[in-house]
Amino acid sequence: MPLIYLDNAATTLHKPPEVWAAMQKALATCGGAGRGGHEPAQKAADALFSCREEAANLFHMSGSERVVLTHNATHALNMAIKGLTRRGMTVLISGYEHNAVVRPLKSLEYKGVRTVTLATPLFDTEAVVQKFAEALKGDVGLCVCTHMSNVFGFVLPVERIAALCKQKGIPMIVDASQSAGLVPIDGDLYPYWCMPGHKSLYGPQGTGLLLVPPGGMLPPLTEGGTGGDSRSHIMPDYLPDRLEAGTHNAPGAAGLAAGIRFVRRNGYDYADPLLKKAVEKVSEIKGVRVYSHPVCQKALFSFTVEGKDSETVATALSDRGIAVRGGLHCSPLAHTTAGTAALGTVRAAFSYKNRERDIDALTRALQGIVSL
Ligand code: ALA
């Protein structure tokens, strides 16, 4: 039974062949970037440079030195959150944040950092803007907002929130974990953007990006060797070196560069028709509730089956050869906000590899599970 993979919001399983090829080549040829003038060191430096350039192109950035290579989105978010918070600060977050935002903020409570959650109805973009606008009238030090909910595919109006933050000079962080590669991103816009390489950018796991806005800077989260300025006991004050201590993941960067090149070449038009068809078909099944919106949703959706726990449904689908994710998706806050925390939801998410027949298979399997 061939596996139908619909867990692309967790990580995309099927990477374009050029990603494999680029990583294999890098593994065979790359030394330590910036750690020598020899050819292997130069090849690694080229791999990193090319990854930054590809990202700067996709995200319309005027300088690729502001593309910081991280281990994943969580690493980037920790860097940005811990770098921008100050003792006693109030931080606003949306009601749809992942634990990658909630937990770092929670860990800062010992410094008096206070998190205020702005819960709003699912798929209500105006309510999000209104809540942030209202809350920003108070004494706020930082805003963090996800670009796209990993549970519901809800695309939040981060550009409008960024405009409000900019007006008040309050820094902003966007968690672009689900949107990078699926929704346009302007890396020169006001916020710090954090994203993984391994989801819709089609890079390997262990890669991520932090896009620093023009004029932005952060303190390092980790200190160590950077290749240059070796006599200094402190980290360099320039990007990207300031935020990249230790030997780089050059094969990862090479794979991510190839993945981003693939996205730049092919776009992401595959996502909308697949989502539309899936929502239509699954909504027709009696006893299944689909969480959907015709406009502010991308590439993934959640559903519940009457009387059944989401993990049980996900396991039953897995037994039928369909990979989805049930439960709380490391985002209990999003589930609480949307009212789905008790039983969780089942989530299906698409990549460029999915076809309509995968949705037909999901629908058939679900019909079988519901009728049990
Ligand atoms: N955050 C990832 C997910 O949504 C892992 O599944």
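Criteria and thresholds
- Residues numbered from 1 in each chain as written.
- Predicted model: local features only at pLDDT ≥ 70, side-chain atom pairs only at ≥ 80, totals over all residues.
- Heavy atoms only, no water.
- Pairing = 2+ DSSP bridges.
- Helix = DSSP H or I, 4+ residues; strand = E, 2+ residues; numbered from the N terminus.
- Axes fitted to C-alpha atoms, helices over the stretch in contact; angles between N-to-C directions.
- Contact = heavy atoms within 4.5 Å.
- Phe/Tyr/Trp six-rings, centres within 6.5 Å; stacked < 30°, edge-to-face > 60°.
- Buried < 20%, exposed > 50% of the residue type's maximum accessible area, 1.4 Å probe, protein only.
- Core = buried A, V, L, I, M, F, W, Y, C linked by side-chain atoms within 4.5 Å.

### Some points on the sheet that holds strand β10 (residues 300-305)
An order of β9-β10-β12 is seen for the three strands of this open sheet, with the pairing classed as antiparallel. Sheet topology places β9 (288-291) and β12 (346-349) at the edges, where each strand pairs with a single neighbour. If you compare each strand with its neighbour and ignore which way they point, the axes differ by 30° on average. Where β10 and β12 come together, four bridges link them in antiparallel fashion. Opposite Phe303, over in β12, you have Val346 as the bridge partner. Of the strands in this sheet, β10 and β12 touch helix α9 (residues 310-319), which is tilted by about 45° from β12.

### A few points about the packing of aromatic side chains
Taken as a whole, this structure holds eight aromatic pairs when the rule is applied. For the ring pair Phe123 and Phe154, a centre distance of 5.5 Å and an interplane angle of 70° mean the geometry is edge-to-face. Taken together, the residues span a long stretch of sequence, with Phe123 in the loop between β4 (114-118) and α5 (125-135) and Phe154 in the loop between β5 (142-146) and α6 (158-168) at a distance of 31 residues. The exposure class of Phe123 is buried, given its relative accessible area of 10%. Cluster of aromatic residues (ring-pair linked, three or more members): Tyr96, Phe123 and Phe154.

### Topic: the sheet that holds strand β3 (residues 90-94)
Sheet architecture is open: seven strands sit in the order β2-β8-β7-β6-β5-β3-β4, paired in mixed fashion. Taken across any chain shown, the strands that pair with only one partner, and hence form the sheet edges, are β2 (67-70) and β4. Across this sheet, the average inter-strand angle for adjacent strands is 20°, counted without regard to direction. Strands in contact with α6 are β5, β6 (172-175) and β7 (192-196); relative to β6, the strand with the most contacts, it is inclined by about 170°.

### Focus: the side chain of Thr120
Structurally, the position occupied by Thr120 is in the loop between β4 and α5. If we skip the residues at most four places from it in the chain, Thr120 touches Tyr96, Ala127, Val128, Lys131 and Thr337.

### Considerations on the nonpolar core
Of all hydrophobic cores here, the largest spans 92 residues; its most connected members are Phe59, Met195, Leu209, Phe301, Phe303 and Leu317. At seven residues, the largest contribution of residues to this core is made by helix α7 (residues 250-266). In this structure, Ala80, Val91, Val144 and Val212 belong to the second largest nonpolar core, which totals 26 residues.

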